[in-house]
Amino acid sequence: MKIAVYGGSGYQGGLVLAELARRGIEPVAAGRDAARLERTGAPWRVAAAGDREGLVSAFAGCDAVVNCAGPFTVTGAAVVRAAIAAGCHYVDTSGEQLHVKHVFDTFTTQAREAGVSVLPAATDGCVPVDLLARVLADRLGPLAGIVTVHVVTGGGMSRGSLRSVAETIDAIRAGGLIYSGGAWRAGGPARGEVRLPGRAEATAVAAFPVPEVVTIPRHVPVGHMAGMTEAALGEQLNSPLTPEMIDSLPDGPGAASRRAQRFTYVLDATGADGRRARGVVRGSDTYGTTAVIAVESARRLAAGRAGAGVLAPGQALPPEGFLDFLAAYGVRWSIEPSHISDLSDTS
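Sequence order as written defines residue numbering, which begins from 1 separately in each chain. Restriction of local features to residues with pLDDT of at least 70 applies here, the model being predicted, together with a cutoff of 80 or more for giving and counting side-chain atom pairs; totals for whole chains, interfaces and linings are based on all residues. Side-chain metrics rest on all non-hydrogen atoms present in the structure, leaving aside hydrogens and water.

**Here we look at the overall build of the protein**
Here's step 1: Only DSSP runs of H or I covering at least 4 residues are called helices, and only runs of E covering at least 2 are called strands; the numbering of each starts at the N terminus. Counting its regular elements, the protein contains 15 helices and 16 strands.
Here's step 2: The globule rule used for comparison is 2.2 Å times the number of residues to the exponent 0.38, while the radius of gyration itself is calculated over C-alpha atoms. In summary, the protein has a C-alpha radius of gyration of 19 Å against a globular reference of 20 Å for 347 residues, a match within 12%.
Here's step 3: Per-residue burial for the protein yields a buried fraction of 54% across its 347 residues.
Here's step 4: Of all intrachain contacts in the protein linking residues separated by at least 6 positions in sequence, the fraction that spans at least 24 positions is 75%.
Here's step 5: Element-wise, carbon and sulfur atoms account for 50% of the exposed surface of the protein, whose accessible area totals about 13600 Å². Under the scheme applied here, a residue whose accessible area is under 20% of the maximum for its type counts as buried, over 50% as exposed, and between as partly exposed, the area being computed with a 1.4 Å probe on protein chains only. By definition, residues are in contact when any of their heavy atoms lie within 4.5 Å. For accessible areas, the Shrake-Rupley method is used with a probe of radius 1.4 Å. Any residue's cover is judged against the shown protein chains and nothing else.

**Details of the sheet that holds strand β6 (residues 117–119)**
Here's step 1: The strand order across the open sheet formed by 7 strands is β3-β2-β1-β4-β5-β6-β15, and the pairing between neighbours is parallel. Where the open sheet ends on each side, the last strands, each with one partner, are β3 (44–46) and β15 (309–310).
Here's step 2: What makes two strands pair is DSSP finding at least two bridges between them. Direction of pairing for strand β2 (residues 26–31) relative to β3: parallel, over a ladder of 3 bridges. Note that in β3 the partner of alanine 29 across the bridge is tryptophan 44.
Here's step 3: Along the sheet face, helix α4 (residues 72–85) touches β1 (2–6), β4 (64–67), β5 (89–92) and β6 and points at about 160 degrees away from the line of β5. To obtain each axis, a line is fitted to C-alpha atoms, and for helices this fit is confined to the stretch in contact; angles are then taken between N-to-C directions over 0 to 180 degrees.

**Examining the pairing of strand β7 (residues 143–153)**
Here's step 1: Of all 11 residues making up β7, 8 are buried, and the element is well covered by its neighbours.
Here's step 2: By the bridge criterion, 7 bridges tie β7 to strand β12 (residues 222–230) in an arrangement that is parallel. Among the inter-strand pairings, glycine 145 is bridged to a residue of β12, identified as histidine 224.
Here's step 3: Relative to strand β13 (residues 262–271), β7 runs antiparallel, the two sharing 10 bridges. Directly across from leucine 143, in β13, lies its bridge partner glycine 271.

**Some remarks on helix α7 (residues 159–167)**
Here's step 1: Restricting attention to buried positions, one finds in α7 the residues Arg159, Leu162, Ser164 and Val165.
Here's step 2: The elements touched by buried residues of α7 are α8 (169–174), α10 (231–237) and α11 (243–247).

**What to know about the packing of helix α1 (residues 11–23) against helix α13 (residues 286–302)**
Here's step 1: Running from N to C, α1 and α13 point in directions that differ by 55 degrees, and their axes come no closer than 9 Å. Relative to α13, α1 is oriented oblique. Taken as a pair, α1 and α13 cross one another with a handedness that is right-handed. Taken together, the residues of α13 that come into contact with α1 (itself represented by Tyr11, Gln12, Leu15, Val16, Glu19, Leu20 and Arg23) are Tyr287, Gly288, Thr290, Ala291, Val292, Val295, Glu296 and Arg299.
Here's step 2: Residues are grouped as follows: Ala, Val, Leu, Ile, Met, Phe, Trp, Tyr, Cys and Pro are nonpolar; Asp, Glu, Lys and Arg are charged; all remaining types, including Gly, are polar. A breakdown of the residues in the contact of α1 with α13 according to their chemical character gives 8 nonpolar, 3 polar and 4 charged. Should an angle lie under 35 degrees it is considered roughly parallel, over 145 roughly antiparallel, and from 65 to 115 roughly perpendicular; all remaining angles are considered oblique. Note on convention: near helix rotated counterclockwise from far helix by under a right angle means a left-handed crossing. Clockwise means right-handed.

**Here's the deal with helix α5 (residues 97–114)**
Here's step 1: The end-to-end C-alpha separation of α5 is 25 Å, in line with the 26 Å expected for 18 residues at 1.5 Å each.
Here's step 2: By definition, a residue's bend is the angle between the axes fitted to the seven residues ending there and the seven starting there. When the local axis directions of α5 are compared, the greatest deviation, roughly 60 degrees, occurs at phenylalanine 107.
Here's step 3: All of the buried residues along α5 are Gln97, His99, Val100, Val103, Phe104, Phe107, Thr108 and Ala111.
Here's step 4: For α5, the secondary structure elements touched by its buried residues are α4, β5, β6, β8 (177–180), α9 (212–215) and β15.
Here's step 5: Positive backbone phi, at 75 degrees, marks glycine 115, one or two positions downstream of α5. Multiply 1.5 Å by the residue count of a helix minus one, and that product is the helix's expected span.

**Let's talk about the packing of aromatic side chains**
Here's step 1: Each Phe, Tyr or Trp ring (for Trp, its six-membered ring) is paired with any other whose centre lies within 6.5 Å, and the angle between the two planes then decides the class: stacked below 30 degrees, edge-to-face above 60, tilted in between. All told, the structure shown has 6 aromatic pairs when counted by the stated rule.
Here's step 2: Aromatic pair phenylalanine 263 and tyrosine 265: ring centres 4.9 Å apart, planes at 15 degrees, arrangement stacked. The residues phenylalanine 263 and tyrosine 265 share a single accessibility class, namely buried.
Here's step 3: Aromatic rings pair up to connect Phe322, Phe325 and Tyr329 into one cluster.
Here's step 4: Against the face of phenylalanine 104 rests arginine 218, its NZ or CZ located 4.0 Å from the ring centre.
Here's step 5: In this structure, arginine 300 is placed above the aromatic ring of phenylalanine 325, and the distance from its NZ or CZ to the ring centre is 5.6 Å. Counted as over-ring charges are cases with an Arg CZ or a Lys NZ within 6 Å of the ring centre that also lie within 35 degrees of the ring normal.

**Topic: the confidence of the model for the protein**
Here's step 1: Of all residues in the protein, 97% have pLDDT values of 70 or greater, and the mean over the chain is 93.
Here's step 2: Low confidence marks residues 340–347, where pLDDT is under 50. Its contacts with residues over four positions away, or in another chain, come to 25 contacts. A residue's pLDDT is the confidence the predictor assigns to it, expressed on a 0 to 100 scale.

**Description of the side chain of threonine 215**
Here's step 1: Checked against the element boundaries, threonine 215 lands in helix α9.
Here's step 2: Once you skip the residues sitting within four places of it in the chain, threonine 215 turns out to touch Val100, Phe104, Cys126, Asp130, Ala312 and Pro313.

**Structural notes on the side chain of histidine 89**
Here's step 1: Residue placement: histidine 89 occurs in strand β5.
Here's step 2: Apart from the residues lying within four places of it in its own chain, the contact partners of histidine 89 are Asp63, Ala64, Val65, Gly115, Val116, Ser117, Leu301 and Ala302.

**Points about the environment of glycine 252**
Here's step 1: You can see glycine 252 is positioned in the loop between α11 and α12 (255–260).
Here's step 2: Spatially, the C-alpha atom of glycine 252 lies 38 Å from that of aspartate 138, the residues being 114 residues apart in sequence.
Here's step 3: Residues in contact with glycine 252, not counting those within four places in the same chain, are Tyr11, Met157 and Ser158.

Rendered as structure tokens:
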């Protein structure tokens, strides 16, 4: 098996290459800068995101592509198109909601006709949350609604993530999309409070463009869905970031900082019959966990374990099986009866 990593010389790309090496999978580092690619120590091929023929050539002979080169809203579609043309399964590490929706809207037919699987947002946040939503739905039946809340403490952000934030700042400020009545639409900057695991006091939360709002309704019967994050994090990300400010920062958090980071993702689900349940995902090291998820997802797609087309995690991966696989990497999940706090109306 051979897997190409586009953006292989970047921060997240380097972690994906390291995970491929740990798993004994042959890598190909691809990107636009030959000098930086050479320093990865992996076989490398040069191709800019705007060079379709170069991208197809760079992916030729590979079983899958992991795209780590953001901002994905700007360049992601070109890499998806080239991977499909090269006959490669495709995974990316995007957390950009509008990019994920664009991939579903644009490439579903092309990928299906080419016989390849496309899985956007193979990240620490989207994949476990999407899979846990499937588990909740299997237990509750059709869902009236789901609200997800993302909480991340410690660590730091890579330059690539900050560039993605800067590129999608308008969507962040607007609160992103919601799903309601069988369609996606702008939800507005809703706010509210929710009681989170391990916290005695209610936490202020705000609407945020998380990718699972796009992926979950594609395989889970749900009437309404919205995504939130801690209001304090949303306000922090709203701070203006210039390219010069981003370029002056380190590539990303160091290993010790990543180990000290903690994430908690909460899904509050309400069944059509009024029953409620809460799913919780906990772990550490968002970037390292994303590398594990992206590599394992690409490996499974390349092994032919999913159908063709653009797929949500719950369509491409076995929900409980993949969640249990992640336990070896410190990701824990649980389901408990819910005591959903009152959230501001996000409908």
